[in-house]
Amino acid sequence: MSDNMKAITRVSVTTQIVDSIKESIENGQFPVGEKLPAELALCEIMHVSRSSVREALYQLQAEGYVELKAGKGAFVRSSKPYDSYDAIRQWFVSNAPNLEDYTEIRLAIGPLAASLACERGTAKELQQLEHIHEQFVAANSKNDVPLLAQLDEQFHTQILIMSHNTLLQKLSELLLKELKQYRMMSIKAKKNSDNTVDEHVQILVAIKKRDKLEAQKAMLFHLNKARDGISSFVTGKKVGDEHDHTES
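Below you will find a few notes about this structure. Because the structure is predicted, anything quoted here is derived from the model rather than measured.

### Points about the packing of aromatic side chains
By convention here, two paired aromatic rings are described through the distance between centres and the angle between planes.
Then comes step 1: Tallied over the entire structure, the rule returns zero aromatic pairs.
Then comes step 2: One Lys or Arg, Lys-69, reaches over the ring of Phe-75 and ends 4.6 Å from the middle of that ring.

Spelled out as structure tokens, the structure:
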């Protein structure tokens with residue numbers, strides 16, 4: 001239970017930092033093009049850890065508010081990013097080649113991780129996966145986009161942890177930074193994440209049953225649906241009806 005409470009607190013702190021910086025950008029305190037205070041300065045101002053600030057900046061970049069420049073810091077990109085269907089679609093069009101590359105890797109990693117999780121995941125790790133899913137369901141009922149994106153990442157990361165394969169985890173970590181923005185944009189593009197909830201349930205049930213083949217199939221189906229959603233969105237089909245699906 002203590003591990004679960006730590007996870008909730010971490011998400012809450014990150015969300016508070018994001019909301020605070022976002023408000024400062026939207027009210028003009030930090031104009032477009034201006035550099036935000038350095039990470040250590042933000043830590044002192046908000047009395048939070050550097051890891052929480054870093055996670056918040058990655059999320060703000062995913063939402064389109066800031067741009068992170070290596071060795072230079074975070075710069076304000078927009079005060080109203082991706083606030084229209086056309087803007088979201090343009091993001092998908094611009095990033096389609098990279099997204100296809102990432103999806104191909106995930107199609108290889110995901111089913112394998114799910115299979116290994118069935119075999120190697122501990123009861124405590126499975127309990128944590130269930131807890132993450134429960135939080136995802138709750139966030140979906142409120143259409144809390146930033147929290148949904150965070151919890152979706154946690155769900156898939158937890159399965160990788162349960163695989164107890166260090167190399168798989170390292171390969172996945174290479175994708176995390178880019179996938180943050182993809183997750184945010186895909187959830188914004190839809191009115192809800194009901195499809196993702198259903199597909200996560202199928203993955204969770206298979207892992208609980210320790211059914212490796214079923215877990216592989218459930219993960220493969222989930223990732224292929226995400227791939228189909230990207231394709232339909234890029235070609236101009238609005239992602240919002242019950243058959244569309246982009247987040248993963």
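There is more to say after this.
### Some words on the nonpolar core
Then comes step 1: Ranked by size, the top nonpolar core spans 34 residues in total, and within it Leu-129, Ile-159, Ile-203 and Ile-207 carry the most contacts.
Then comes step 2: At the level of secondary structure, the elements contributing two or more residues to this core comprise helix H4 (85–120), helix H5 (123–142), helix H6 (145–163), helix H7 (166–189), helix H8 (194–208) and helix H9 (212–234).
Then comes step 3: The dominant element in this core, judged by the number of residues it contributes, is H6, at nine residues.
Then comes step 4: Setting aside its immediate chain neighbours within four residues, Leu-129 contacts Phe-155, Gln-158, Ile-159, Met-162, Leu-204 and Ile-207.
Then comes step 5: Counting residues in each nonpolar core, the second largest holds 16 residues, with Val-18, Ile-21, Leu-42 and Ala-56 among its members.

### Comments concerning the pairing of strand S1 (residues 66–69)
Then comes step 1: Strand direction decides the pairing type here: S1 and strand S2 (residues 73–76), joined by four bridges, are antiparallel. Looking at S2, one finds that Leu-68 is bridged to Ala-74.

### Some words on unusual backbone geometry
Then comes step 1: Notably, His-164 is not glycine yet its phi reads approximately 55°, a positive angle.
Then comes step 2: One can find His-164 in the loop between H6 and H7.
Then comes step 3: The exposure class assigned to His-164 is partly exposed, which follows from its relative accessible area of 42%.

### Remarks on the pattern of salt bridges
Then comes step 1: Counted under the stated rule, the structure contains eight salt bridges.
Then comes step 2: For the salt bridge of Glu-214 with Lys-209, the shortest nitrogen-to-oxygen distance reads 2.9 Å.
Then comes step 3: A relative accessible area of 25% places Glu-214 in the partly exposed class.
Then comes step 4: A cluster of three or more residues bridged by salt bridges with shared partners is formed by Glu-39, Arg-50 and Arg-54.

### Overview of the environment of Met-219
Then comes step 1: Secondary-structure assignment places Met-219 in helix H9.
Then comes step 2: By relative accessible area, Met-219 is classed as buried at 2%.
Then comes step 3: C-alpha of Met-219 to C-alpha of Ser-115: the two residues are 104 residues apart in sequence and 9.3 Å apart in space.
Then comes step 4: Every residue in contact with Met-219, bar those within four places of it in the chain, is listed here: Gly-110, Pro-111, Ala-114, His-156, Ile-159 and Ile-203.

### Observations concerning the packing of H8 against H9
Then comes step 1: For the pair H8 and H9, interaxial distance at closest approach is 8 Å and the crossing angle is 160°. When the axes of H8 and H9 are compared, the pair comes out roughly antiparallel. Helix-helix and strand crossings are classified by hand; for H8 and H9 the assignment is left-handed. Mapping the contact onto sequence places Thr-196, Glu-199, His-200, Gln-202, Ile-203, Val-205, Ala-206 and Ile-207 in H8 and Glu-214, Ala-215, Ala-218, Met-219, Phe-221, His-222 and Lys-225 in H9.

### Regarding the environment of Ala-96
Then comes step 1: Position of Ala-96 relative to the elements: it lies in helix H4.
Then comes step 2: The exposure class assigned to Ala-96 is partly exposed, which follows from its relative accessible area of 21%.

### Points about the side chain of His-133
Then comes step 1: Note that His-133 resides in helix H5.
Then comes step 2: A relative accessible area of 9% means that His-133 is categorised as buried.
Then comes step 3: Dropping the residues within four chain positions of it, His-133 is found in contact with Phe-155, Val-197, His-200, Val-201 and Leu-204.

### Focus on H9
Then comes step 1: Here H9 spans 33 Å end to end across 23 residues, near enough to the 33 Å set by a 1.5 Å rise per residue.
Then comes step 2: Taken as a whole, H9 has its buried residues at Ala-215, Ala-218, Met-219, His-222, Leu-223, Ala-226, Gly-229, Ile-230, Ser-232 and Phe-233.
Then comes step 3: Its side-chain oxygen 3.3 Å from the backbone nitrogen of Leu-213, Asp-211 forms the N-cap of H9.

The rules we used
Residues numbered from 1 in each chain as written. Predicted model: local features only at pLDDT ≥ 70, side-chain atom pairs only at ≥ 80, totals over all residues. Heavy atoms only, no water. Phe/Tyr/Trp six-rings, centres within 6.5 Å; stacked < 30°, edge-to-face > 60°. Lys NZ or Arg CZ within 6 Å of the ring centre and 35° of its normal. Core = buried A, V, L, I, M, F, W, Y, C linked by side-chain atoms within 4.5 Å. Buried < 20%, exposed > 50% of the residue type's maximum accessible area, 1.4 Å probe, protein only. Helix = DSSP H or I, 4+ residues; strand = E, 2+ residues; numbered from the N terminus. Contact = heavy atoms within 4.5 Å. Pairing = 2+ DSSP bridges. Salt bridge = Lys/Arg side-chain N within 4 Å of Asp/Glu carboxyl O. Axes fitted to C-alpha atoms, helices over the stretch in contact; angles between N-to-C directions. Parallel < 35°, antiparallel > 145°, perpendicular 65-115°, else oblique. Left-handed = near helix turned anticlockwise from the far one by under 90°. Expected span 1.5 Å × (residues − 1). Polar contact = N/O pair within 3.5 Å; in protein donor to acceptor, adjacent residues only side chain to side chain.

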